[in-house]
Every structure is written in C-alpha cells, then in structure tokens.
Amino acid sequence: MYSAGDVRIENVPDPKIVEPSDAVIRVTRACVCGSDLWPYQKMERSDTGRLMGHEAIGVVEDVGADVRTIKRGDFVIMPFAFSDGTCAFCHDGLQTSCVHGGFFGTTDVAGAQAEAVRIPLADGTLFPVRANTDDALMASLLTLSDVMGTGHHAAVIARVTPGKSVAVVGDGAVGLCAVIAAKRLGAEQIIILGRHADRIALAKDFGATDVVSERGDAALERIRELTGGYGVQSVLECVGLEQAVNTAISIARPGGAVGRVGVPQEQTIPGSEPAFYNNVTVGGGPAPVRAYIEDLLPDVLEGKIEPGRVFDRTVALDDVPDGYRAMNDREAIKVMVTP
Ligand SMILES: [Zn+2]
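Please read these numbers as outputs of a predicted model, since none were measured by experiment. (Residues numbered from 1 in each chain as written. Predicted model: local features only at pLDDT ≥ 70, side-chain atom pairs only at ≥ 80, totals over all residues. Heavy atoms only, no water.)

Regarding the environment of Ala291
Item 1. Tracing the backbone shows Ala291 in helix α11 (residues 289–301).
Item 2. What makes Ala291 partly exposed here is its relative accessible area of 23%.
Item 3. Counting along the chain gives 200 residues from Ala291 to His91, while the straight-line C-alpha distance between them is 9.6 Å.
Item 4. Every residue in contact with Ala291, bar those within four places of it in the chain, is listed here: Gly93 and Gln95. (Helix = DSSP H or I, 4+ residues; strand = E, 2+ residues; numbered from the N terminus. Buried < 20%, exposed > 50% of the residue type's maximum accessible area, 1.4 Å probe, protein only. Contact = heavy atoms within 4.5 Å.)

Examining the nonpolar core
Note that soluble globular proteins tend to have their nonpolar side chains buried in a common cluster.
Item 1. Membership of the largest hydrophobic core comes to 50 residues, with the highest contact counts inside it found for Ile77, Leu141, Leu144, Met148, Val168, Leu236 and Leu297.
Item 2. Listed by contribution, the elements that provide at least two residues to this core are β3 (75–78), α4 (138–143), α5 (147–157), β8 (165–169), α6 (173–184), β9 (189–193), α7 (197–206) and α11.
Item 3. Broken down by element, this core gets its largest block of residues, 9 residues, from α6. (Core = buried A, V, L, I, M, F, W, Y, C linked by side-chain atoms within 4.5 Å.)

Some remarks on the coordination of the zinc ion
Item 1. Bound to the zinc ion are the protein donor atoms Asp84 (OD), Cys87 (SG), Cys90 (SG) and Cys98 (SG), situated 2.1 to 2.3 Å from the metal.
Item 2. For the zinc ion, the 4 donor atoms in the first shell make angles of 93 to 123° at the metal, a pattern classed as tetrahedral.
Item 3. In the primary sequence, the donor residues of the zinc ion line up as D-x2-C-x2-C-x7-C.
Item 4. Since its relative accessible area comes to 7%, Cys90 is described here as buried.
Item 5. Residue class for Cys98 comes out buried when judged on its relative accessible area of 7%. (Donors = N, O, S within 2.8 Å, 3.2 Å for Na, K, Ca; no water. Tetrahedral: all angles 85-135°; square planar, octahedral: opposite > 155°, others 65-115°.)

Let's talk about the sheet that holds strand β13 (residues 281–284)
Item 1. The parallel open sheet is built from 6 strands, whose spatial order is β10-β9-β8-β11-β12-β13. Edge positions in the sheet fall to β10 (210–212) and β13, since each of these pairs with one other strand and no more. With direction set aside, neighbouring strand axes in the sheet form an average angle of 20°.
Item 2. Direction of pairing for strand β12 (residues 252–260) relative to β13: parallel, over a ladder of 4 bridges. In the strand pairing of β13, Val258 is matched with Val282.
Item 3. In the packing of α5 onto the sheet, contacts are made with β11 (232–237), β12 and β13, and the angle to β12 comes to roughly 150°. (Pairing = 2+ DSSP bridges. Axes fitted to C-alpha atoms, helices over the stretch in contact; angles between N-to-C directions.)

Quick look at the environment of Asn278
Item 1. Mapped onto the fold, Asn278 is located in the loop between α10 (272–277) and β13.
Item 2. The class for Asn278 is partly exposed, based on a relative accessible area of 27%.
Item 3. Not counting chain neighbours up to four residues away, the residues in contact with Asn278 comprise Arg253, Pro254 and Gly255.

Thoughts on the state of the cysteines
Item 1. Applying the stated criterion across every chain, the model contains 0 disulfides.
Item 2. Looking at Cys31, it has no disulfide partner, and the nearest cysteine sulfur is the one in Cys33, 7.1 Å off.
Item 3. Assessed through its relative accessible area of 0%, Cys31 is described here as buried.
Item 4. No disulfide involves Cys238; its sulfur sits 9.1 Å from the nearest other cysteine sulfur, which is in Cys177. (Disulfide = S-S within 2.5 Å.)

Structure follows, in structure tokens:
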C-alpha cells in the first residue's frame, strides 16, 4: 500500500531467514482485515510503501538454526503479532505485549498478503496444527489468526459467562465472530447492532437472539426495551469509531463491562460520565490470539464453530486491490486471498 486507496501487487525479493530464530512460511491463505481499511482510507503517501497483511495460514519452508519446535513442512497458523513465547507477558498470555514482539504488515515488518512471509521468533509465534485438516476447514483455521481470536477477546474482557445478556456493536467479521464467541461462552441473550441484511442473517445463524438496527439514542432505547430497562451485562465493541464506543458504554447496564477490540480512531475514550456513574468497566486492546488458538482450535476442528463463514469472497493475489475496494464499499464482509 502506497497511500490511501493505492494498493499494488509487486514483485519483491523473496523473504529469507535473517535471524536464527526466524522461519519462512509459504502462505496458503491470507485475507484482508477490517483494520486494513483504516490505512486504506487514511494512509499518507509513502515512497517505499507498506507490505500489508497480518493474517495467514501456511506451510513452513525454512527455519533458522535456533528454531526448535517448528519444523519444515509444518502446517501453521500465523497470529497477527509475533512474540517470543518466553517473556513475562507471553507467560501471562498477553503475547501482543511481548517485550520482543511486534505486528505483521507494518512499515517495519513485511505482511502476509504475499506468497511467502518471514516469521520472527518462529517458536513463540507460530502455532503448528498437526491434526488432519480438511480443505473445508481452512477458512475457519485462517480466522484463528485474527478475527475469531479478536471476537473471543472482546467476550473475555466483557466477562461473558453462562446466562448473561450481551450486545455486539458492529456487524463486520470481528462482530460476527464476537457473536460466535458469546454463544460459545454461554450467553443467553445476544443482541447484534447492525443493519446489513446478509450480515444480520449470518449473525442469527451464529447465535444472535435479537437485532437492533437503530443508531445512537434510538439504539439505546431499543436495547433497554429488550433488557427489562437496564441494558446488557456485557458489550463487545468491534468497530473503534467514537460513536460505536459511545453506544457501547451507554448500553451497558450498571456494573457491566465493555470489551473493546475495534482499533480506536480517537485519542480519548468517549462516554466517561456514563461509564463512571454506572460503574461500567471498559477494557480491551489487541487480542492475544496466540494464547486463544489453544482454546478455540479444538472447536474449529470438531466443527462446533464455523467462523470461516465470515469469508464471502475469495481472490487471487493479483486481485487483492479489488478485495480492498470490495470490503471498503461493504460489498464483501471479508475477503480471503489464495496466493
Ligand atoms: Zn514475549
């Protein structure tokens, strides 16, 4: 990506082992993320460009001399952040704060919308899947690289437990995965806030019990009606825009919690007063998806959850620019890339 709206497919040198802890994977599937749309809308022109993409599954082609657990030929999930797996934060299951870690697809680290990608700290970063995997499972396995783990994080931070009332703000791929996560953790009522018919239909399939298509005060009113006048116990905020965060805080009932996973587009958190007077806990951040693969993978392998259904378009590498356009125009929920 060279600037807002300017995505090109170019030949670049093949990634290779730089540090002895690196691996190189051949990407079998990647995708375009909702968070890739922020630079797609706002990025300043750059002469060198940014190698995009932070979600992939693939096969290990090469490993550095110090790599111990990852082997050539392993089929792996690449979380969107790399991490050493050994520092204090990795031990706490918060690999996105790894002291040696970082994010794929930034100006410093090449991304995965490519035929191959270099993986720093391969032992800590990559999750090898050694079970037999059917081709039909690939889309769902790919979501463990980001969106499914991110939706799950929103549910964990919002303290979803059996029997609770939940609202999901946002009907993009993460919001839809957040519905799956809320259902999986036993929520009794799951209200999705969204207005696109195809997304709403999928949300209902995933377990949403109610749909609120209003916005702002009207949404608040409707949610109060649906929850005996109080609001919901858990809110999963999956957008990141000021209005969405405001709505999320205002629909939480006193003592409730908001799990934020939408990448914020503002410097400050709105809703300070309602959050304070209602004792609403507001938390969240980049999901430690590396930690969550352990929990979520068995359910994907057994077909108990099917987050791969969020992909409604598949493109080859050459058509990635059109994939960005389709997601930005909301023609597609999420675009898979098959290099
Ligand atoms: Zn670490």
